[in-house]
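Coordinates in review
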Amino acid sequence: MRHRQPIAEPRMLPEPNRPRPPLTAADGRITNAMSVDVEDYFQVSAFEDLVPRARWDGFESRVVANTDRILGLFEQHGVRATFFVLGWVAERHPRLVRAIADAGHELASHGFDHTRVSGQSPRAFREDVVRTKGLLEDTAGVAVKGYRAASYSIGRDNLWALDVLGEAGYRYSSSIYPIRHDLYGMPEAPRFAFRLHPGAITELPVTTVRIAGRNWPCGGGGFFRLLPYALSRWALRRVNRRDGEPGIFYFHPWEIDPAQPRMAGASRRARFRHYLNLSRMEGRLVRLLQDFAWDRIDRVFGIQVSAGVGEDGP
Ligand SMILES: [Zn+2]
């Protein structure tokens, strides 16, 4: 009963439609889900107090070059992934959006301008996710099924957002991080695919490893840059072997860009989080691509474009 979690309200259901047993590569390894949150170095939450959105256009843009580099790495290692793209980036760089889709990756939404859901009303959130989905779909000519909230900002206080996403036509969200963290997290959320209620969209939490009765992050971000690679590899293997579940990993284009301009006036903590081990990231990423089997989120979890047979049932 590995999905039993101490949750009283609301009741959460294990996702019924993910592939059982999990997808595997030819050599028998579980196929994990790789994802990239496509945003520029000046758009991150760590710098949001320092950089008003109105000033974004004044910064040197590096997201296209960095994402191109990631597309090259994925091509080289035969990896397909899911790219959660900001609407703001898509509006300015439509060719990048098309290049992602044309290379066989899944195009998904990271919201319009990296506003945390926890700071949005349901109405503002709806406008944001409808606008961004339409923009991405019009730009690339593919259906957008997935959404990831800025800074994993869906949690116990705004679970209504999952229903708004369903109404807006999204099929899944990967926006809850079941850990304790100062900026985000819902430690009591299920660690693996679940639905809030029958008919709700699927939530695919970023991967955690369970050690000594606590969830620890092992799905990427700053933790992947902070910890030795061998520890990250051990944790993800443990999820595959002990939990028997695919992991979901994420990173950002700016994380493989050690030469990015430094943000003047940033706090010690923000600088530590953002700049730590940037020069080691690409090497670690390559090892990660080689040591595990990877694919797009929609394929790993059997997410279809529209409800039908095999989704919510006929
Ligand atoms: Zn982000």
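Being a predicted model, the structure only gives us computed values, none of them experimental.

1. Brief notes about the overall build of the chain
The helix and strand tally for the chain stands at 10 helices and 12 strands. Relative to the 2.2 N^0.38 estimate, which gives 20 Å for 314 residues, the radius of gyration of the chain is 18 Å and therefore close to what a compact globule would have. Overall, the C-alpha framework of the chain stretches about 50 × 45 × 35 Å when taken along its three principal axes. Every one of the 314 residues in the chain was classed for burial, and the buried ones make up 46%. Look at the contacts in the chain between residues 6 or more apart in sequence, and 78% of them connect residues 24 or more apart.

2. Comments concerning the packing of helix α4 (residues 122-140) against helix α5 (residues 160-167)
Direction vectors running N to C along α4 and α5 enclose 40 degrees, while the axes themselves pass 10 Å from each other. On the basis of their axis angle, the class for α4 and α5 is oblique. Considering the relative orientation of α4 and α5, their crossing is right-handed. Contact residues: α4 offers Pro-122, Phe-125, Arg-126 and Val-129, while α5 offers Trp-160, Ala-161, Val-164 and Leu-165. Looking at the contact of α4 with α5 residue by residue, the class counts come to seven nonpolar, no polar and one charged.

3. Side note on the nonpolar core
Of all hydrophobic cores here, the largest spans 74 residues; its most connected members are Val-38, Phe-83, Val-85, Val-97, Leu-107, Leu-136 and Leu-165. For this core, the element with the most residues is α4, which contributes five residues. Apart from the residues within four sequence positions on either side, Leu-165 is in contact with Val-129, Tyr-147, Tyr-170, Ser-173 and Ile-201. Counting residues in hydrophobic clusters, the runner-up holds five residues, among them Tyr-41, Val-44, Ala-46 and Trp-254.

4. Brief notes about the packing of helix α3 (residues 94-102) against α4
In contact at an axis separation of 9 Å, α3 and α4 are set at 75 degrees when each is read in the N-to-C sense. Classified by the angle their axes make, α3 and α4 are roughly perpendicular. Side by side, α3 and α4 meet where Pro-94, Val-97, Arg-98 and Ala-101 of the first sit next to Leu-136, Thr-139 and Ala-140 of the second. Its residues assigned to classes, the contact of α3 with α4 shows five nonpolar, one polar and one charged.

5. Topic: the environment of Leu-289
Mapped onto the elements, Leu-289 comes out in helix α9 (residues 278-291). Judged by the 19 C-beta atoms lying within 10 Å of it, Leu-289 falls in the partly exposed class. Sequence spacing of Leu-289 and Arg-95 is 194 residues, and the spatial spacing of their C-alpha atoms is 25 Å. Every residue in contact with Leu-289, bar those within four places of it in the chain, is listed here: Leu-73, His-77, Val-79 and Trp-294.

6. With respect to the pairing of strand β11 (residues 248-251)
On β11, burial covers both faces: Ile-248 and Tyr-250 on one face and Phe-249 and Phe-251 on the other are all buried. In this structure, strand β2 (residues 31-38) lies alongside β11, joined through four bridges in parallel fashion. Paired with Met-34 across the two strands is Phe-249, which belongs to β11.

7. What about the confidence of the model for the chain?
For any part of a model where pLDDT is low, the fine detail of the predicted coordinates should not be relied upon. For the chain, mean pLDDT is 90; residues scoring 70 or higher make up 93% of the total. The low-confidence segment residues 308-314, where pLDDT is below 50, has seven contacts with residues more than four positions distant or belonging to other chains.

8. Some details on the environment of Arg-299
Residue position: Arg-299 is located in helix α10 (residues 297-300). Each C-alpha atom, one on Arg-299 and one on Thr-31, is 9.7 Å from the other, the two residues being 268 residues apart in sequence.

Criteria and cut-off values
- Residues numbered from 1 in each chain as written.
- Predicted model: local features only at pLDDT ≥ 70, side-chain atom pairs only at ≥ 80, totals over all residues.
- Helix = DSSP H or I, 4+ residues; strand = E, 2+ residues; numbered from the N terminus.
- Rg over C-alpha atoms; globule rule 2.2 N^0.38 Å.
- Buried ≥ 20, exposed ≤ 12 C-beta atoms within 10 Å, placed from the backbone.
- Contact = placed C-beta atoms within 7 Å.
- Axes fitted to C-alpha atoms, helices over the stretch in contact; angles between N-to-C directions.
- Parallel < 35°, antiparallel > 145°, perpendicular 65-115°, else oblique.
- Left-handed = near helix turned anticlockwise from the far one by under 90°.
- Nonpolar A, V, L, I, M, F, W, Y, C, P; charged D, E, K, R; others polar.
- Core = buried A, V, L, I, M, F, W, Y, C linked by C-beta atoms within 7 Å.
- Pairing = 2+ DSSP bridges.
- pLDDT = per-residue confidence, 0-100.

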